[in-house]
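Structural features, examined
Chain by chain, the residues:
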Amino acid sequence: MLVFDGYAWLTGHQQVPYQKIRALVRQLQPNTIIVDHDGGVPWEVDVEYFEEPLGVTVPSGNTTAGAQGQTIAKDKNWFWRSNSKPPAGYMSASDIAKEIKNTESNYTNFILDCPPNFAGLA
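Residues numbered from 1 in each chain as written. Predicted model: local features only at pLDDT ≥ 70, side-chain atom pairs only at ≥ 80, totals over all residues. Heavy atoms only, no water.

What follows covers the sheet that holds strand β5 (residues 108-113). Sheet architecture is open: 3 strands sit in the order β3-β4-β5, paired in parallel fashion. Two strands bound the open sheet, and with one partner strand each, they are β3 (48-51) and β5. Put simply, the sheet's adjacent strands are angled 20° from each other on average, direction ignored. Strand direction decides the pairing type here: β3 and strand β4 (residues 66-71), joined by 4 bridges, are parallel. Each bridged residue has a counterpart across the sheet, and for E48 the counterpart in β4 is G66. (Pairing = 2+ DSSP bridges. Helix = DSSP H or I, 4+ residues; strand = E, 2+ residues; numbered from the N terminus. Axes fitted to C-alpha atoms, helices over the stretch in contact; angles between N-to-C directions.)

Now the structure itself:
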């Protein structure tokens, strides 16, 4: 699996030779699954990625392979920063179960991020 994180929204697939990179990956490892964490477009990735903290969630009725990344922190932070406030709480087990039910029924894996607190504990 090869994951680009922020590739399209930081540089755009047109500003670097994305298709050449993709072709080289396919040549070297034909079975590599390519994912772009910006959501990607179906003809450039193998798995569409939906970044829930940015408000991008799997659409109802989705039939393409997908992954939804989500954080348990209610303030939508992916990770701890020394200048940030402690998380404003976490998703409940019930809310997580609802998300799993929604993503699973729409051909999408649920990827749950558990950022550590100020003591380095989750």
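Back to the write-up after that little detour.
Most of β4 sits inside the fold, with 6 of its 6 residues counted as buried. Both faces of β4 are covered, namely the face carrying G66, Q68 and Q70 and the face carrying A67, G69 and T71. (Buried < 20%, exposed > 50% of the residue type's maximum accessible area, 1.4 Å probe, protein only.)

Quick look at the side chain of Q70 now. Relative to the assigned elements, Q70 resides in strand β4. Q70 sits in the buried class, given a relative accessible area of 2%. At a separation of 2.9 Å, a polar atom in the side chain of Q70 contacts the side chain of Q68. For Q70, the contacting residues outside a window of four places in its chain are E52, P53, W78, M91, E99, F110, I111, L112 and D113. (Polar contact = N/O pair within 3.5 Å; in protein donor to acceptor, adjacent residues only side chain to side chain. Contact = heavy atoms within 4.5 Å.)

Let's shift gears to unusual backbone geometry. Non-glycine residue Y107 carries a positive phi angle of around 60°. Counting through the fold element by element, Y107 comes out in the loop between α3 (93-104) and β5. You can call Y107 exposed: its relative accessible area is 55%.

Here the focus is the confidence of the model for the protein. Interpreting fine coordinate detail is not advised for predicted regions of low pLDDT. For the protein, per-residue confidence averages 81 on the pLDDT scale, and residues scoring 70 or more make up 76% of the total. Per-element averaging of pLDDT across the protein places helix α1 (residues 7-10) at the bottom with 58 and α3 at the top with 94. (pLDDT = per-residue confidence, 0-100.)

On to the pattern of salt bridges, then. As a working rule, side chains carrying opposite charge can pair if their charged atoms are close by. Under the defined criterion, the tally for this structure stands at 2 salt bridges. R22 serves as the salt-bridge partner of D46, at 3.9 Å between the closest nitrogen and oxygen. Taken together, the residues D46 in the loop between β2 (34-36) and β3 and R22 in helix α2 (residues 18-28) connect sequence positions 24 residues apart. With a relative accessible area of 33%, D46 lands in the partly exposed category. Residue classification places R22 among the buried positions, given a relative accessible area of 17%. (Salt bridge = Lys/Arg side-chain N within 4 Å of Asp/Glu carboxyl O.)

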